[in-house]
Amino acid sequence: MRKHVAWIAGAAAAALVAAGAITYAVAEDGGPAASVPTADSADAGFARDMAVHHQQAVEMAYIVRDRTDDPEVRRLAYDIAQTQANQRGMMLGWLDLWELPKTSPAAPMAWMGMRELPAEDGALMPGMATGAEMAKLGELDGRQAEILFLQLMTDHHEGGVHMAEGCAAKCEVGVEKRLARGMVAAQRSEIRLMADMLAKRGAKPRP
C-alpha cells in the first residue's frame, strides 16, 4: 500500500511541476491576453476532454502496477502514468489561466463536430474503458491482468490519437497544438510497443 501511495504521489508531483511551467509556456506562445480561447473553442474542448481521458489512463496504470510483477508492463504503466498526469496538469492549468470552466454542458468531443454518443457504463469518449472493464482489470493477476491492460490501453490510445489529431487540426493556441502533435506521435509509438508486448503473451489487440 505504501508503494502504491508513493507512486501516486510521484505522478501528482510531476503534474504540479508541469503546471508550474504553464504560464511561461503560454506566455512564450503570445500570452493569454493576446488570444484567449472561448469556452466553446476547440482549444478549451480538447483540454477538458483530454484531461478526463488521461485521468482514466492514469487509473488503469495504477491498477495494473499492483496486479503484476512483470518489469516491462510495470515500466510502461509507470511511464504512462507520469506522462499523462503531467499533461493533464498542463491542460487543466491552461483552463485556469484562460479562466474557463473545466466542465461543459456540451457533449464530449462536440468541439470536433462529433454527434453526441451514448455513454456506455462510464466510457464517455472513444477508447475509454467501461466501468465493468476497469473492475475486471482490478480482479485479474499476472499474465491475465497484463493482457487486459495492454488491450484496454491500446483502445484508449487509439481514441486519444483521434482526439489529439482533432486538436492538431482545429486548435489555435500554438503550444496546445504542439502538445497534441506530440501525443499523436508518442501514443502511436506505444500502440506499436503494446502490440509487440501482447504478441509475446500469445494475445493481440481487440478487434
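Going by the structure above, here's the rest.
Caption draft 1: Highlighting helix H3 (residues 42-65). The first and last C-alpha atoms of H3 sit 34 Å apart over 24 residues, in line with the 34 Å expected at 1.5 Å per residue. In terms of residue burial, H3 counts as a mostly covered element, since 20 of its 24 residues are buried.

Caption draft 2: Just helix H4 (residues 71-97), in detail. The first and last C-alpha atoms of H4 sit 39 Å apart over 27 residues, in line with the 39 Å expected at 1.5 Å per residue. For H4, the N-terminal capping position is held by aspartate 70, with its side-chain oxygen 3.1 Å away from the main-chain nitrogen of glutamate 72. Positive phi appears at glutamate 99, one or two residues downstream of H4, with a value of about 60°.

Caption draft 3: Highlighting the nonpolar core. Judged by nonpolar contacts, the single largest core of 31 residues is most densely connected at Phe46 and Met91. Among the elements of the structure, H3, H4, helix H6 (142-170) and helix H7 (174-200) are those that each provide at least two residues to this core. Filtering out sequence-adjacent residues up to four positions away, phenylalanine 46 remains in contact with Ala51, Met91, Trp111, Met163, Ala164, Cys167, Cys171, Glu176, Ala180 and Met183. Membership of the second largest hydrophobic core comes to 27 residues, among which are Ala57, Tyr62, Met134 and Leu150.

Caption draft 4: Looking closely at the environment of aspartate 43. Structurally, aspartate 43 can be placed in helix H3. C-alpha separation for the pair aspartate 43 and valine 173, spaced 130 residues apart in sequence, amounts to 6.9 Å. Within the structure, the side chain of aspartate 43 is placed 2.9 Å from the backbone nitrogen of valine 173, a separation counted as a polar contact.

Caption draft 5: Examining the side chain of histidine 53 more closely. The topology assignment puts histidine 53 in helix H3. For histidine 53, a relative accessible area of 2% translates into the label buried. A distance of 3.1 Å separates a polar atom in the side chain of histidine 53 from the backbone oxygen of proline 126. Filtering out sequence-adjacent residues up to four positions away, histidine 53 remains in contact with Met125, Pro126, Gly127, Met128, His156, Gly159, Gly160 and Met163.

Here is what the cut-offs are and how they apply
- Residues numbered from 1 in each chain as written.
- Predicted model: local features only at pLDDT ≥ 70, side-chain atom pairs only at ≥ 80, totals over all residues.
- Heavy atoms only, no water.
- Helix = DSSP H or I, 4+ residues; strand = E, 2+ residues; numbered from the N terminus.
- Expected span 1.5 Å × (residues − 1).
- Buried < 20%, exposed > 50% of the residue type's maximum accessible area, 1.4 Å probe, protein only.
- Polar contact = N/O pair within 3.5 Å; in protein donor to acceptor, adjacent residues only side chain to side chain.
- Core = buried A, V, L, I, M, F, W, Y, C linked by side-chain atoms within 4.5 Å.
- Contact = heavy atoms within 4.5 Å.

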